[in-house]
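Architecture and fold: a report
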Amino acid sequence: PKTIPETVVEEYSYGRCMWLAVALHERFGWPIYAEVVKTAVGTEILHAYVKHPKQELEIDILGPQDSVDRFGGSLSTIVGPLSSRALADLGHFELNPERIRAAVEVMDEYVVPRLHAANIDVTSPRQPARNRVLSPPDQLTTNWPLSPGLQEVKVGPTTVLYTVEPTGLHLSSLRTPTRERRA
């Protein structure tokens with residue numbers, strides 16, 4: 001695999017790691033884990049990554065490792081397994097398709113080659129939503145955007161994230177707002 005530029009390592013270790021974790025989770029269905037620390041204003045995510053369910057390897061921008069770097073020392077806690085939505089709720093951020101799309105590009109360029117080089121099994125113990133192929137784009141009759149890459153569309157209250165590939169539309173996730181719980 002090619003060398004990861006230091007700027008990319010920094011960017012996806014300190015600030016955009018959660019987007020890469022979401023991209024890996026959406027592609028492979030592997031659970032997300034987050035290193036968090038409690039602050040005066042709430043919970044802060046220090047680092048997010050995925051864990052391979054069969055091989056017990058942790059995966060972030062540097063690829064598969066026995067253990068990813070921990071930034072908080074004894075002050076931090078590891079939380080997981082998490083879904084993309086649970087990570088976003090924990091970190092108080094929205095799942096932004098543009099940031100996920102950028103993380104997918106980084107993942108495909110730097111992380112996936114490292115998974116293949118390490119002979120990492122990229123199958124999932126469950127069938128992730130993204131593997132549900134609707135139909136090849138040229139055979140669809142839809143008003144959904146069909147340009148290649150990650151797309152988002154609202155269907156009533158549900159947000160659908162999907163990837164357009166020559167083989168078809170691959171569903172990434174379905175998000176429906178939850179009703180507020182009554183006390």
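Rules of the game
Residues numbered from 1 in each chain as written. Predicted model: local features only at pLDDT ≥ 70, side-chain atom pairs only at ≥ 80, totals over all residues. Heavy atoms only, no water. Phe/Tyr/Trp six-rings, centres within 6.5 Å; stacked < 30°, edge-to-face > 60°. Helix = DSSP H or I, 4+ residues; strand = E, 2+ residues; numbered from the N terminus. Buried < 20%, exposed > 50% of the residue type's maximum accessible area, 1.4 Å probe, protein only. Contact = heavy atoms within 4.5 Å. Arc of directions from axis to C-beta. pLDDT = per-residue confidence, 0-100. Salt bridge = Lys/Arg side-chain N within 4 Å of Asp/Glu carboxyl O. Pairing = 2+ DSSP bridges. Axes fitted to C-alpha atoms, helices over the stretch in contact; angles between N-to-C directions.

On to the packing of aromatic side chains. In total, this model carries 4 aromatic pairs according to the counting rule given. Relative to F71, the ring of Y14 has its centre 5.1 Å away and its plane inclined at 55°; by these criteria the two rings are tilted. With Y14 in the loop between α1 (6-13) and α2 (17-28) and F71 in the loop between β4 (63-65) and β5 (77-82), this residue pair connects regions lying 57 residues apart in the sequence. The class for F71 is partly exposed, based on a relative accessible area of 32%. Aromatic side chains W19 and F93 sit 5.0 Å apart centroid to centroid with 65° between the ring planes, which places their arrangement in the edge-to-face category.

For the rest of this paragraph, the subject is the side chain of S84. Mapped onto the elements, S84 comes out in helix α3 (residues 84-91). Not counting residues within four places of it along the chain, the set of residues in contact with S84 comprises V22, H25, E26, I32 and L95.

Looking now at α3. Restricting attention to buried positions, one finds in α3 the residues S84, L87 and A88. Seen from one end, α3 has its buried residues packed into an arc of 100°, which puts them on one side. Packed against the buried residues of α3 are α2, β1 (32-39), β2 (42-51) and β5. Following α3 by one or two positions, H92 has its phi on the positive side, about 55°.

The next subject is the confidence of the model for the protein. Looking at the protein as a whole, the pLDDT averages 78, with 67% of positions reaching at least 70. Per-residue pLDDT stays below 50 along residues 125-135; that stretch engages in 29 contacts with residues further than four places along the chain or on separate chains. The model gives residues 176-183 a pLDDT under 50, and that stretch makes 3 contacts with residues more than four places away or in other chains.

With that settled, consider the pattern of salt bridges. This model, assessed by the stated rule, comprises 6 salt bridges. We note a salt bridge from R101 to E98, for which the minimum N-O separation is 2.4 Å. Taken together, the positions of R101 and E98, both in helix α4 (residues 97-117) and 3 residues apart, correspond to about one turn of that helix. For R101, a relative accessible area of 21% translates into the label partly exposed. Look at E98 and you get exposed, because its relative accessible area is 53%.

So, about the sheet that holds β2. If you trace the 5 strands from one edge of the open sheet to the other, you get β4-β3-β2-β1-β5, paired in antiparallel fashion. The open sheet has two edge strands, β4 and β5, and neither has a second partner. The sheet shows a mean angle of 40° between the axes of neighbouring strands, direction not considered. As paired elements, β1 and β2 share 8 bridges and run antiparallel to each other. Counted as the bridge partner of K38 is T43 from β2. Against the sheet, α2 engages β1, β2, β3 (58-60) and β5, with an angle of about 40° to β2.

Our focus in this paragraph is the side chain of Q65. Note that Q65 resides in strand β4. Non-local contacts of Q65, meaning those with residues more than four positions away in its chain, are made with L57, E58 and D60.

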